[in-house]
Amino acid sequence: MTVILILAALFALLLLRVPVAFALGGLGLALLIAGGFSPLMAPQAMLSTLDGFILLAVPLFLLMSNVLLKGGVGADLFAAVQAWVGHWPGGLAVATILSCAIFAAISGSSVATAATIGTVAIPEMIGRGYRKDFVYGLLAAGGTLGILIPPSIPMIVYGFITEESVIALFLAGIGPGLLLVVLFVVFAMLHARFLGGQEAVPAASWSERLRASRRALPSLALAALVIWGIYSGAFTPTEAAAIGFAASLAITGLVLRTLTWKAFRDAAMEAMMTTVAILLIIAGAKIFGKAITLYRIPQEISLFISQTIDTAGAFIVVVAIVLLVMGLVFEALSMVLIMTPVLLPAAMGLGFDPIWFGIFMVVMVECALITPPVGLNLYVIQAVARARMAEVARGVLPFLLLMLVTVGLLYAFPSIALYIPFHL
Amino acid sequence: MRAFAALTAAFAAVGAALFALAGAMLTYEVVARYFFTAPTIWAAELSQLCLIWGTLLAMAQVLARGRHIAVDAVAAQLPRPVRRLTETLAMAVIAGFAAITAAYGWTIFWDSFERGRTTGSMLDLPAWLAELPVPLGCAVLFVQALISMRDAWAGRWIEAGHGEGER
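Rules behind the numbers
- Residues numbered from 1 in each chain as written.
- Chains lettered and ligands numbered in written order.
- Predicted model: local features only at pLDDT ≥ 70, side-chain atom pairs only at ≥ 80, totals over all residues.
- Heavy atoms only, no water.
- Helix = DSSP H or I, 4+ residues; strand = E, 2+ residues; numbered from the N terminus.
- Rg over C-alpha atoms; globule rule 2.2 N^0.38 Å.
- Buried < 20%, exposed > 50% of the residue type's maximum accessible area, 1.4 Å probe, protein only.
- Contact = heavy atoms within 4.5 Å.
- Areas by Shrake-Rupley, 256 points an atom, 1.4 Å probe, with all protein chains shown as cover.
- Lys, Arg positive; Asp, Glu negative; His and termini not counted.
- Charge placed at Lys NZ, Arg CZ, Asp CG, Glu CD.
- Patch = residues over 30% accessible without salt bridge, like charges linked within 9 Å, V, L, I, M, F, W, Y side chains within 5 Å.
- Salt bridge = Lys/Arg side-chain N within 4 Å of Asp/Glu carboxyl O.
- Expected span 1.5 Å × (residues − 1).
- Bend = angle between axes of the 7 residues up to and from the residue.
- Buried area = accessible area lost by both parts, 1.4 Å probe.
- Polar contact = N/O pair within 3.5 Å; in protein donor to acceptor, adjacent residues only side chain to side chain.
- Nonpolar A, V, L, I, M, F, W, Y, C, P; charged D, E, K, R; others polar.
- Axes fitted to C-alpha atoms, helices over the stretch in contact; angles between N-to-C directions.
- Parallel < 35°, antiparallel > 145°, perpendicular 65-115°, else oblique.
- Left-handed = near helix turned anticlockwise from the far one by under 90°.
- Core = buried A, V, L, I, M, F, W, Y, C linked by side-chain atoms within 4.5 Å.

### Some points on the overall build of chain A
Item 1. Broken down by element type, chain A carries 20 helices and 0 strands.
Item 2. Taken over the C-alpha trace, chain A has a radius of gyration of 21 Å; the compact-globule value for 424 residues is 22 Å, and the two agree within 12%.
Item 3. Once the C-alpha set of chain A is aligned to its principal axes, its extents read approximately 70 × 45 × 45 Å.
Item 4. Scored against the burial criterion, the 424 residues of chain A give a buried share of 62%.
Item 5. A fraction of 79% describes how many contacts in chain A between residues 6 or more apart in sequence connect residues 24 or more apart.
Item 6. Carbon and sulfur atoms provide 69% of the accessible area of chain A, an area that totals close to 14,800 Å².
Item 7. Averaging the coordinates of the 19 positive side-chain charges in chain A and doing the same for the 17 negative ones gives two points 11 Å apart.

In structure tokens form, the structure reads like this:
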């Protein structure tokens, strides 16, 4: 009964538009006081959250993404990839997905990815006669690769709250990320072959290809540096974020000379606002998490799940449905923070690897990012393309199905995620 | 009131600058470690302080700009008079949380300050350096929440930009 009351109170606060951070923190604090526990835990939880070295990676990755976005590297990247694959059937769509994937490797954010590539790819594709809803869906979905291909802010947060290795999570995201890229590319080519009405793009000459590639080279080198650094253990994810930020400043400020002082200030303010919003939700979730643990809520839910659902497959189906439904109205990161502590004990009880479960959560969060009415990437594309929500929402449907196929494959073949971190 | 708005805006700018500074310190750390084989003892600890101070100082301005992430789908459907109540209530929840956390945060800070407790790390900084921004930031947030509460009651609130959070 307590479980239902507490969850009902939380959902009531959230739906009344109390900011997620304070709904979690406020309710947690109220529960501590009501249960006769010390409210000192609230400021302590806030402090211990902000004292986590790994979370320092959040503002730094955001700074890097925002600097690259303001510095306009999206155009160079897209031009380079387009020069190589633009003449394929559905070539611009393929170039869009590959550009998203490359930008995802330098950005931990799906919004930044969708915005960076969308700004250049949408007008180009629509100009060449691609169907609008397909273009919007492609960009909204392609943007979500930002959080599956490392670095990834949701993975940092998941690693922080579950005390799992962020590096292992990053590495585990590569396989499913590439799988999703392949599925998107194949779909885009089939769509262009059978449903498209787009003009073909002439193949670029070798000199054009080399010229475009040279301009995109710094961004590609940055992606390689970040991934290599984390993978080889040369630096921690937080240090990789710092290096990436410094390198993004060097690329846009010194090499490409596209970053103005005003653009840098805007990028820093934007990164700061997002960071504060994210970190306070984590702090709120920590207070709430402490309170519900004292009330033994996760244990009770875990017990309930293990008594009602006894197979791993059924568990994943139920969790996927719950997350999909939640994803209709919930913002993605809040979902990870609210559901992980509740679900992970039960998942581990059923034999799931916590790293695998983290990747599963991230793919489900990607779905949440593109399911209307509340899907952050839909808003981004709507804003970038000045499109109608209905068009964007219609366009994402096939991509959503492909993501669910990925979840199925991930369940059937866990090594898609776990091979790279544990066997390579 | 205008002075308070200027204060929170200044705090936010300081917050953004502190994050960038943290990036500079950690970059220096990696460069010093690999190129000069001379890792610092201060970069990790001071950059962490930047994160703590930056976040807590800036949170009031983030509220003022309506940038805290909230679930809008349901509230957006409510009729305006009801919205006025829910928006006011939402700000009251923040004010209550901020007031209590500021008060208890202050006792943690004061305790460390009086006893002269230190972090016990390499720099052995006073522990209150990291603890002070909790009551400070929450107190400023409390005042901002009261202002936003008054505005909400008067029918003025910021329609959310649907949070830029997750990313």
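### Some words on a nonpolar patch on the surface
Item 1. Taken together, the side chains of Val182, Val186, Leu190, Phe194 and Leu195 of chain A make up a nonpolar region of the molecular surface, amounting to roughly 500 Å² of accessible area.
Item 2. Tracing the sequence through the fold places Leu190 of chain A in helix α10 (residues 166-194).

### Observations concerning helix α19 (residues 389-412) of chain A
All names here are of chain A.
Item 1. A rise of 1.5 Å per residue sets the reference length of α19, with its 24 residues, at 34 Å; its end C-alpha atoms lie 34 Å apart and thus fit the reference within 8%.
Item 2. At Leu397, α19 shows its maximal bend, which comes to roughly 35°, and the proline Pro398 appears one to four places after that position.
Item 3. If you check which residues of α19 are buried, you get Glu391, Val392, Ala393, Gly395, Val396, Phe399, Leu400, Leu402, Met403, Thr406, Val407 and Leu410.
Item 4. Buried residues along α19 sit in contact with α8 (132-148), α10, α17 (354-370), α18 (376-385) and α20 (415-423).

### A few points about the interface of chain A and chain B
Item 1. At the junction of the two partners, chain A supplies 71 residues and chain B supplies 64 residues.
Item 2. Taken together, both faces of the contact between chain A and chain B bury some 5,700 Å²; the carbon and sulfur share is 77%.
Item 3. Interface area lost by chain A to chain B is led by Arg17, Phe22 and Met273 of chain A, which between them contribute 15%.
Item 4. Across the contact surface, chain A and chain B share 3 salt bridges.
Item 5. Where Arg67 of chain B meets Glu270 of chain A, a salt bridge forms, and the shortest distance between an N and an O atom there is 2.9 Å.
Item 6. Scanning the region where chain A abuts chain B turns up 11 residue pairs in polar contact (both at pLDDT 80 or more).
Item 7. A per-element tally of the side of chain A that touches chain B places helix α13 (residues 261-294) of chain A first, with 14 residues.
Item 8. Split into classes, the residues belonging to the side of chain A that touches chain B amount to 55 nonpolar, 11 polar and 5 charged.

### Comments concerning the packing of α10 of chain A against α17 of chain A
Residue and element names in this part refer to chain A.
Item 1. Closest axis-to-axis distance for the α10/α17 pair is 9 Å, and the angle between their directions is 50°. One finds that α10 runs oblique with respect to α17. You can see that α10 and α17 cross each other, and the crossing is right-handed. Taken together, the residues of α17 that come into contact with α10 (itself represented by Ala168, Leu169, Ala172, Gly173, Pro176 and Leu180) are Ile355, Gly358, Ile359 and Glu366.
Item 2. Per-class residue counts for the contact of α10 with α17 are 7 nonpolar, 2 polar and 1 charged.

### Focus: the nonpolar core
All names here are of chain A.
Item 1. Counting 223 residues, the largest nonpolar core has Phe315, Phe357 and Phe360 as the members making the most contacts within it.
Item 2. By residue number, the principal contributor to this core is α13, which donates 20 residues.
Item 3. Contact partners of Phe360, with chain neighbours within four places excluded, come to Ile316, Val319, Ala320, Leu323, Val407 and Leu410.

### What about α8 of chain A?
Item 1. Between its first and last C-alpha, α8 of chain A extends 25 Å over 17 residues, near the 24 Å set by a 1.5 Å rise per residue.
Item 2. Of all the 17 residues making up α8 of chain A, 16 are buried; the element is thus mostly covered by neighbouring parts of the structure.

### Looking at the environment of Thr144 of chain A
Residues and elements named next belong to chain A.
Item 1. The residue Thr144 is located in helix α8 in this model.
Item 2. Using a relative accessible area of 0% as the deciding quantity, one classes Thr144 as buried.
Item 3. C-alpha separation for the pair Thr144 and Leu77, spaced 67 residues apart in sequence, amounts to 18 Å.

### A few points about the pattern of salt bridges
Item 1. Here the structure, examined in full by the defined rule, presents 14 salt bridges over all chains.
Item 2. The partner of Asp133 of chain A in a salt bridge is Arg394 of chain A, and the shortest N-O contact between them spans 3.5 Å. With Asp133 of chain A in helix α8 and Arg394 of chain A in helix α19, this residue pair connects regions lying 261 residues apart in the sequence.
Item 3. Using a relative accessible area of 11% as the deciding quantity, one classes Asp133 of chain A as buried.
Item 4. Note that Arg83 of chain B is salt-bridged to Glu87 of chain B, the shortest N-O span being 3.1 Å. Highlighted residues: Arg83 of chain B and Glu87 of chain B, both in helix α3 (residues 80-115), separated by 4 residues, approximately one helical turn.
Item 5. Taking relative accessible area as the criterion, Arg83 of chain B reaches 4% and is therefore assigned buried.

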